[in-house]
Every structure is written in structure tokens, then in C-alpha cells.
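An overview of the molecular structure
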Amino acid sequence: MDFEAILKQRDIKPTAIRLLILKEILQFKQAFSLLMLENKLQTVDKSTIFRTLTLFHNNHLVHTIDDGSGSVKYSMCSNHCCSEIEDLHPHFYCQRCGNIFCQTLTKIPKILLPEGYLLSSINFVIKGVCKDCNK
Ligand SMILES: [Zn+2]
Ligand SMILES: [Zn+2]
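Below or above, wherever it landed, is the structure these notes cover. None of the values given here were measured: they were computed from a predicted structure. (Residues numbered from 1 in each chain as written. Chains lettered and ligands numbered in written order. Predicted model: local features only at pLDDT ≥ 70, side-chain atom pairs only at ≥ 80, totals over all residues. Heavy atoms only, no water.)

**Quick word on the pattern of salt bridges**
Oppositely charged side chains may form a pair once their charged atoms are brought near each other. Summed over all chains, the structure comprises three salt bridges. In this structure, Lys 40 engages Glu 24 in a salt bridge whose closest nitrogen and oxygen atoms are separated by 3.4 Å. Here Glu 24 lies in helix α2 (residues 16-27) and Lys 40 lies in helix α3 (residues 34-40), a separation of 16 residues in the sequence. Lys 40 sits in the partly exposed class, given a relative accessible area of 36%. (Salt bridge = Lys/Arg side-chain N within 4 Å of Asp/Glu carboxyl O. Helix = DSSP H or I, 4+ residues; strand = E, 2+ residues; numbered from the N terminus. Buried < 20%, exposed > 50% of the residue type's maximum accessible area, 1.4 Å probe, protein only.)

Printed below as a string of C-alpha cells:
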């Protein structure tokens, strides 16, 4: 995998630390929290991890998920995703393992709001049992 190209595609300068953090992020098969990432990168300064993750988020390399647990989760964006409302997808919360999985097969339907209402974000979480826990 060309890690440098992944960063350049999102206008992020590929520094050594950013590449290291990107490699760790790509190893997650489900959404991750800042704490989960910090635990994997014990040698890296926490504020560096946070700043890098914020940069990745601002440049639409990762998106955030509010699963209602109080801690924000992050997940890699697909190549075409640009974090517009139209690109939002539902997230699946597994009630057994507690992991969050992006569900990109379904688009979030267009939300019709009465005049005067301004939409800023949509949080669409499906709860159930993931395929690993359902074996
Ligand atoms: Zn599960
Ligand atoms: Zn997602």
C-alpha cells in the first residue's frame, strides 16, 4: 500500500510521524477512539497523536462517529468520501463486542426539514450483533 499517496491525496504532507500514525489507523478493522490509538502508539507524544488525528479529520481522511458512548470514535474515509452530508453512511454498533463498523452499502436518506430548520449533522447508528460475534 502506498501510504504517502494516501496522505497526498488529502493534501497532507507525508511526514514520518504522520505515516506511522496512518499505518496504525489502517490496522483497525473497526472504528477506534483516541485512547485506542494512543495505546498502540505508546512511544508517540499524546498531543502529537491528537494533532495528527485532528489534521486527518480536517482533511477528510478520517470521519468521526458519535455512538452515544460519550467518547468520539474515528474511522477511515473511503477514497471518494468528502464528508459532505450526502456522503454520510450509517454506523453499526455491536452490542456484544462494542465495536463500531462503517456501513457504506446504505446511504443516509435525504432528510426533509420544515422551513427554518438548519441541518448541521446526522448521527445514524444501528445496533445489533456484528458478523464475528454472530458466528
Ligand atoms: Zn461484535
Ligand atoms: Zn463510517
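**Section: a nonpolar patch on the surface**
A grouping of Ile 111, Leu 113, Tyr 117 and Leu 119 is seen on the molecular surface, where their side chains present a nonpolar patch of about 380 Å² in accessible area. Structurally, Leu 113 can be placed in the loop between β5 (100-102) and β6 (125-128). We classify Leu 113 as partly exposed; its relative accessible area is 40%. (Patch = residues over 30% accessible without salt bridge, like charges linked within 9 Å, V, L, I, M, F, W, Y side chains within 5 Å. Areas by Shrake-Rupley, 256 points an atom, 1.4 Å probe, with all protein chains shown as cover.)

**Points about the coordination of the zinc ion (ligand 2)**
Taken together, His 63 (NE2), His 89 (NE2), His 91 (NE2) and Cys 102 (SG) make up the full set of protein donors to the zinc ion (ligand 2), lying 1.9 to 2.2 Å away. Angles of 103 to 116° at the metal separate the four donor atoms of the zinc ion (ligand 2), which places the site in the tetrahedral class. Motif for the zinc ion (ligand 2), donor spacing along one chain: H-x25-H-x1-H-x10-C. Here His 91 lies in strand β4 (residues 91-94) and His 63 lies in strand β2 (residues 62-65), a separation of 28 residues in the sequence. Classification of His 63 by relative accessible area gives buried; the value is 9%. Residue His 91 is classed as buried on the basis of its relative accessible area of 6%. (Donors = N, O, S within 2.8 Å, 3.2 Å for Na, K, Ca; no water. Tetrahedral: all angles 85-135°; square planar, octahedral: opposite > 155°, others 65-115°.)

**Examining the packing of aromatic side chains**
The final tally for this structure, using the stated rule, is two aromatic pairs. Where Phe 28 meets Phe 32, the ring centres are 4.6 Å apart and the plane angle is 10°; that geometry is what we call stacked. Residue class for Phe 28 comes out buried when judged on its relative accessible area of 15%. Over the face of the ring belonging to Phe 28 we find Lys 40, whose NZ or CZ atom lies 4.7 Å from the ring centre. (Phe/Tyr/Trp six-rings, centres within 6.5 Å; stacked < 30°, edge-to-face > 60°. Lys NZ or Arg CZ within 6 Å of the ring centre and 35° of its normal.)

**Regarding the coordination of the zinc ion (ligand 1)**
Six octahedrally arranged donors around a metal ideally form angles of 90 or 180 degrees; four tetrahedrally arranged donors ideally form angles of 109.5 degrees. Within the protein, the atoms that donate to the zinc ion (ligand 1) are Cys 94 (SG), Cys 97 (SG), Cys 130 (SG) and Cys 133 (SG), at distances of 2.3 Å. Mapped onto the sequence, the donors of the zinc ion (ligand 1) take the spacing C-x2-C-x32-C-x2-C. Taken as a pair, Cys 97 in the loop between β4 and β5 and Cys 130 in the segment after β6 lie far apart in primary sequence, 33 residues in all.

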